[in-house]
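Breakdown of the fold
Letter by letter, the chains look like this.
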Amino acid sequence: VDGRTVPDSEASGAALRGGTAPELRPPRYRVSTKAIWYWTARASFGWLVLLVGQVIWLVAAHDGQAWHGIVLAITAVLALAHLIVMPRWRYRVHRWEATPEAMYTQSGWFNQERRIAPISRIQTVDSERGPLEQVFGLSNVTVTTASAAGPLRINGLDRDTAQRLLDDLTVAAQAMRGDAT
Amino acid sequence: MTATPSPAGTAEPAGSTPPDSAGWRRLNPRMLLLYPVQELPRALPALFGLLIAGSSRGNGQAWSFVGVAIVVGLGVMRWLTTSYRITPDQVQVRRGLLRRQVLTVPRDRVRTVDVTAHVLHRLLGLARVNVGTGQSDRERESGIRLDGLSAEQADGLREELLHRRARPGRPATDRTAAAPAGAATATVPAPAAVVERELARLDPAWIRFGPFTLSGLVTLGLLAGFLSQLVDEAHLDPSRFGLVRTVVDQLAAAGLWLAILEVVAAAVLVVAVASTFGYVLAFWGFRLVRHSGGTLQVTRGLVTMRATTIEERRLRGVEVSEPLLLRAVGGARCIAIATGLRVGRGAERGGTMLLPSAPRAEAQRVAAAVLGRREPVIVPLRAHGPVARRRRYTRALPICALLAAAAAALWWWAGLPAWVVVASLALPPLGVLAAADRYRNLGHEVLDRDLVSAWGSLVRRRNVLARDGIIGWNLRQSFFQRRAGVVTLTATTAAGRQSYRVQDVTAAEAVRVAGEALPGLLTPFLAEPAGERPVRKAPIRGER
């Protein structure tokens, strides 16, 4: 007899009833609204390369075949849909919260992820501004722990918020001792 | 611990050079015999050039003497320029002739001390010591390697570096079975009396699991590659060999099915034999010992002897894994989850192996002994519920159907042999079996001190992760998981695989598990009590 798993009616029952068990709420703060345009711009680069490539192909080949144009049109529609839907969806999802005890982030759009790490386990706090982020006046904050699996990253914060968060976290992490493993 | 009886295993470590005024010591002078052999591969191109130069000028002997002199000279240089010292605070190695280099590792950063002795080392009573700092990503750069201490010096060094923190004054009562062949630990001024207790020892009967470890597949692949290259490079015609011709003729005469059967049987036999051989080679003389100084020590190897030490304060759990074949014959292995040790690849699993393929009960016993508690290893786990079961099927079957469809399409348009299509029809039933097995193996539980999670079919694993080793949580939901209202909860940790997943549990169960395993962490982020609706809809929750 194996005995590795036993059905647990309680766990699945609680889920079916719903509401009785406490639920995780989303983090409290949204990122900057400028992030929508940042994400749009970032994604549009990839699409632009794809579209320009196809246009060149269309012009260079000019054998009058209709399906070149059709592929181009489909790509354009997909790009437009992605550029309209993705950044807004992302903005709805991306959130963060830092308490004196823990850091909590939520990110993604189609697939979503929440990450929670105790402040006492923070190893490094980084902030980075890429060229595109500078254009939009944005910044991001990355918090790493001793685990290779769990960096918490907040994209699209406005500069002041990022700086304030960075300062707070640095002070909080310094107050903790131990090697955080 | 190396079991090599040193030719001169006397009180004072044989042939060790006395430290100079600043405490710097040379490596063992017997390494002077070994270095030329070790340098040979590096010097090979140069030697080759010399040989060609020599033979073209007609005085080959003189040139080959020069070659030998260079190789020996390199060895002597390496010995002369390398020295090490151990101060109360750090371990230092000085090396290099033109580019002097001093590697320093603070002693409180030392995580592992591994002692390896290859054949030649063992003949000379020597051993190589690797001092690791647990920076697993850069193990090559961050550690210190002392190639060439006498076996007893190596053991002494390990004692000193790892058991220095041992409390003095504890009586050495049951010093079990002095290490085989009496490795001279007595010569070492041990900082504290070391009590060791054997947790496991290789039972020769376990070799029966050897054929099922499949480590021989690698050997077979290497062999096949080597042979094909030989045939290729040397322009050999295999059919010129009598044996090959006999085999080929016999296969041709036997008919297709019989020939396939024969080839498969031969391959299975070779893999089984090679795997068994590899098992014996790697794990002969295996012992797992617990030192009172707070370490676990694994000794193993028939030809190359390895002694790996794991600090128990770095231990964050154990993993019992059962690859499919091994599981079919009731075998399992046990692996340590420790910080500063990366889970390796292949059967050896780097330095983290606690028990090679052995009976499952034995693996569980060792896991329990290492943890010091039996419950997490044997406790029945919570099933993940109907959604997790459904998702196992909805993930396996489309892939099988897709592959079958692709085979059919290729058969229709690209002339793929029809039997491939027929064979691909076996995929969906296999997919169903795999999905059923995957669900059956899925489970989790939170105990007093551990988070236990089990998963996998090709390799079934049970991970026991100490709750205080958990650093944080990731809760991931794909689009489809969100619709189904389930979450994959990942415990992040600094040890082992860095993350351990509890797949496809309901959102409520994920919160319960996370909350029980790390009490308090989630509390500020839980939704307000009923009646007070959250202002916004929670985007991550399944709300449709």
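Preceding this section is the structure that the text describes.
It should be emphasised that the depicted structure is a prediction, and the values quoted were computed from it without experimental measurement. (Residues numbered from 1 in each chain as written. Chains lettered and ligands numbered in written order. Predicted model: local features only at pLDDT ≥ 70, side-chain atom pairs only at ≥ 80, totals over all residues. Heavy atoms only, no water.)

Notes on the overall build of chain B
Of the regular secondary structure elements, chain B holds 16 helices and 21 strands. Expressed as a percentage of the 544 residues in chain B, the buried residues total 45%. When contacts within chain B are restricted to residue pairs at least 6 apart in sequence, long-range pairs at least 24 apart make up 59% of them. For chain B, the exposed area adds up to about 27,100 Å²; of that, 64% sits on carbon and sulfur atoms. (Helix = DSSP H or I, 4+ residues; strand = E, 2+ residues; numbered from the N terminus. Buried < 20%, exposed > 50% of the residue type's maximum accessible area, 1.4 Å probe, protein only. Contact = heavy atoms within 4.5 Å. Areas by Shrake-Rupley, 256 points an atom, 1.4 Å probe, with all protein chains shown as cover.)

Topic: the nonpolar core
Residue and element names in this part refer to chain B. Grouped together as the largest cluster of nonpolar side chains are 40 residues, with contacts concentrated most on Leu288, Leu296, Val318, Leu354, Leu355 and Val370. Put simply, the parts of the chain that give this core at least two residues each are strand 8 (196-201), helix 8 (256-283), strand 10 (295-300), strand 12 (315-323), strand 13 (331-338), strand 14 (353-359), helix 10 (360-371) and strand 17 (450-455). The biggest single contributor to this core is helix 10, with 7 residues. Those residues in contact with Leu296, other than ones at most four positions away along the chain, are Leu199, Leu288, Val289, Arg290, Thr308, Thr309, Ile310, Glu312, Leu315, Leu354 and Val370. (Core = buried A, V, L, I, M, F, W, Y, C linked by side-chain atoms within 4.5 Å.)

Details of the environment of Asp155 of chain B
On the secondary structure map, Asp155 of chain B appears in helix 5 (residues 151-162). Asp155 of chain B sits in the buried class, given a relative accessible area of 1%.

Here we look at the side chain of Arg121 of chain A
Assignment of secondary structure puts Arg121 of chain A in the loop between strand 5 (112-118) and strand 6 (122-128). It turns out Arg121 of chain A is buried and unbridged, and the closest side chain with the opposite charge, Asp468 of chain B, is 6.4 Å from it. A distance of 2.9 Å separates a polar atom in the side chain of Arg121 of chain A from the backbone oxygen of Asp468 of chain B. (Lys, Arg positive; Asp, Glu negative; His and termini not counted. Salt bridge = Lys/Arg side-chain N within 4 Å of Asp/Glu carboxyl O. Polar contact = N/O pair within 3.5 Å; in protein donor to acceptor, adjacent residues only side chain to side chain.)

Section: the packing of aromatic side chains
For any two aromatic rings, the description comes down to two numbers: the centre-to-centre distance and the angle of the planes. Evaluated as defined, the whole model comprises 10 aromatic pairs over all chains. For the pair Trp89 of chain A and Trp109 of chain A, a centre-to-centre distance of 5.5 Å together with 75 degrees between the ring planes defines the contact as edge-to-face. Here Trp109 of chain A lies in the loop between strand 4 (102-108) and strand 5 and Trp89 of chain A lies in helix 3 (residues 66-93), a separation of 20 residues in the sequence. The structure contains a cluster of three or more aromatic residues connected by ring pairs, namely Trp89, Trp109 and Phe110 of chain A together with Phe479 and Phe480 of chain B. The aromatic ring of Trp24 of chain B is capped on one face by Arg94 of chain B, whose charged end is 4.2 Å from the ring centroid. (Phe/Tyr/Trp six-rings, centres within 6.5 Å; stacked < 30°, edge-to-face > 60°. Lys NZ or Arg CZ within 6 Å of the ring centre and 35° of its normal.)

A short note on the pairing of strand 4 (residues 101-106) of chain B
Every other side chain in a regular strand lies on the same face of the sheet, so the side chains alternate between the two faces. All names here are of chain B. Bridging between strand 3 (residues 90-95) and strand 4 involves 6 bridges; their strand directions are antiparallel. Following the sheet pairing, Val93 is matched in strand 4 by Leu103. Where strand 3 folds back onto strand 4 in an antiparallel hairpin, the turn is made up of 5 residues, including Gly96, whose phi is positive at roughly 95 degrees. (Pairing = 2+ DSSP bridges.)

Focus: the pattern of salt bridges
Using the criterion set out here, one finds 24 salt bridges over all chains in the structure. A salt bridge links Arg360 of chain B to Glu322 of chain B; the shortest N-O distance between them is 3.2 Å. Of this pair, Arg360 of chain B sits in helix 10 while Glu322 of chain B is found in strand 12, placing the two residues 38 residues apart along the sequence. Given a relative accessible area of 2%, Glu322 of chain B falls into the buried group. Residues joined in a network through salt bridges with shared partners are Arg25, Arg28 and Glu97 of chain A.

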